[in-house]
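For reference, the chains in residue letters:
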Amino acid sequence: MKKTIFSIIFCLTAISVSVSAQKAGNVGIVAHRGYWNCPEAGYARNSVAALKCAQDAGFWGTEFDVNMTKDEVLVVFHDDTVAGKKIKDHDWAEFKDIRLENGETIPTLDDYLAQAVKHPETVLVFELKPAPEQEFENRMVDLSVERLKEFGIDTPDRVIFISFSINICERFARKMPGFTVQYLDDDFSPAELAGRGISGVDYHYGVFGKHPEWYDEARRLGMTVNCWTVNDPKDMEAMLGLGVDLITTDCPDKLKSKINFEKFQNNF
Ligand code: MG
């Protein structure tokens, strides 16, 4: 048993290197659903323009949400429903002409990755949305990995995986050893997640107040620590004070102004 626990800790420590090494002791800014909150992106979350703005601004990473249609097209969209239709129950043809706030059509994952490859320095924070059926989730994971490989974005320094589904996190962890995988919900402690082979946590920032022991617990286990969605300057300061690796925010420009961004950039 002792040997197993030691192996888990050793393995998670090795996994966390890809995130920590890039940050070089400072916090990484993750633009939530891209850097959408600016005129250039047309205020359209999860748009290709929002990805491009995050890349141009030089943030550490950019988060985005992925769902899958009935005919197995992966799409970058937050909700599970578009125009009253469940994405998983309809074919892509029924969604492909629907426009976002900035006039773009809903991006497929391939559309998104075609822009992502242009800036390899911007880490993709890939959120795969849960589905009611485990088989459907498994297929989503497998196809996501396939698409990332196709675009050559299949190294731990280019992409990390996050999900509210424990099944999705476990499957990514098994299929992509050495990659950072972070669970989003607070129904599992860091130790329970480590026991399942998951290398990181991405909790709502309020969770660290509710479970004050979880931050140190995650660190003892060598896990990476991310938090969402931190928009208020006071909450940003609290998370910076705690020492998290990554802060996910709708206001990456505000967060940037709070930290020594030049030093952060030079440390890459
Ligand atoms: Mg998300």
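As the structure is a prediction and not an experimental result, all values here were calculated from the model.

K.L.:
How would you summarise the confidence of the model for the protein if you had to cite specific residues and measurements?
P.N.:
Per-residue confidence for the protein gives a mean pLDDT of 91; residues scoring 70 or more make up 87%. Predicted confidence for residues 1-18 stays below pLDDT 50, and this span has 20 contacts to residues more than four positions away or in other chains. Confidence drops under a pLDDT of 50 for residues 261-268, and excluding neighbours within four residues, the segment shows 14 contacts in the predicted structure.

K.L.:
I'd like a description of the nonpolar core, backed by residues and values.
P.N.:
Residues Phe-126, Phe-161 and Leu-193 are the most contacted members of the largest nonpolar core, which totals 67 residues. Counting residues per element, this core draws most heavily on helix 4 (residues 134-150), at six residues. In this view, Phe-161 contacts Phe-126, Leu-148, Phe-172, Met-176, Phe-179, Thr-180, Val-181 and Gln-182; residues no more than four positions away in its chain are not counted.

K.L.:
How would you sum up the pairing of strand 1 (residues 28-31)? Please name residues and give values.
P.N.:
For a regular strand, the rule is simple: side chains alternate between the two faces of the sheet. Going residue by residue along strand 1, you find Gly-28 and Val-30 tucked away on one face and Ile-29 and Ala-31 tucked away on the opposite face as well. Both strand 1 and strand 11 (residues 246-249) contribute to a ladder of four bridges, which runs parallel. Each residue of the ladder has a partner; that of Ala-31, found in strand 11, is Thr-249. The pairing of strand 1 with strand 2 (residues 61-68) spans two bridges and is classified as parallel. In the strand pairing of strand 2, Val-30 is matched with Gly-61.

K.L.:
Break down the coordination of the magnesium ion for me, with residues and values.
P.N.:
Bound to the magnesium ion are the protein donor atoms Glu-63 (OE), Asp-65 (OD) and Glu-127 (OE), situated 2.0 to 2.1 Å from the metal. All donor residues of the magnesium ion come from one chain, and their arrangement in sequence is E-x1-D-x61-E. In this pair, Asp-65 sits in strand 2 while Glu-127 sits in strand 6 (residues 123-128), placing the two residues 62 residues apart along the sequence. Here Asp-65 matches Glu-127 in class, with each residue buried.

K.L.:
Break down the packing of helix 2 (residues 48-57) against helix 3 (residues 109-116) for me, with residues and values.
P.N.:
Two elements in contact, helix 2 and helix 3, have axes separated by 10 Å at closest approach and are oriented at 20°. Taken together, the axis directions place helix 2 and helix 3 in an arrangement best described as roughly parallel. The element helix 2 and its partner helix 3 pack so that their crossing is right-handed. Contacts between helix 2 and helix 3 involve Val-48, Leu-51, Lys-52 and Gln-55 from the first element and Asp-111, Tyr-112, Gln-115 and Ala-116 from the second. Looking at the contact of helix 2 with helix 3, its residues break down into four nonpolar, two polar and two charged.

What counts and what doesn't
Residues numbered from 1 in each chain as written. Predicted model: local features only at pLDDT ≥ 70, side-chain atom pairs only at ≥ 80, totals over all residues. Heavy atoms only, no water. pLDDT = per-residue confidence, 0-100. Contact = heavy atoms within 4.5 Å. Core = buried A, V, L, I, M, F, W, Y, C linked by side-chain atoms within 4.5 Å. Buried < 20%, exposed > 50% of the residue type's maximum accessible area, 1.4 Å probe, protein only. Helix = DSSP H or I, 4+ residues; strand = E, 2+ residues; numbered from the N terminus. Pairing = 2+ DSSP bridges. Donors = N, O, S within 2.8 Å, 3.2 Å for Na, K, Ca; no water. Axes fitted to C-alpha atoms, helices over the stretch in contact; angles between N-to-C directions. Parallel < 35°, antiparallel > 145°, perpendicular 65-115°, else oblique. Left-handed = near helix turned anticlockwise from the far one by under 90°. Nonpolar A, V, L, I, M, F, W, Y, C, P; charged D, E, K, R; others polar.

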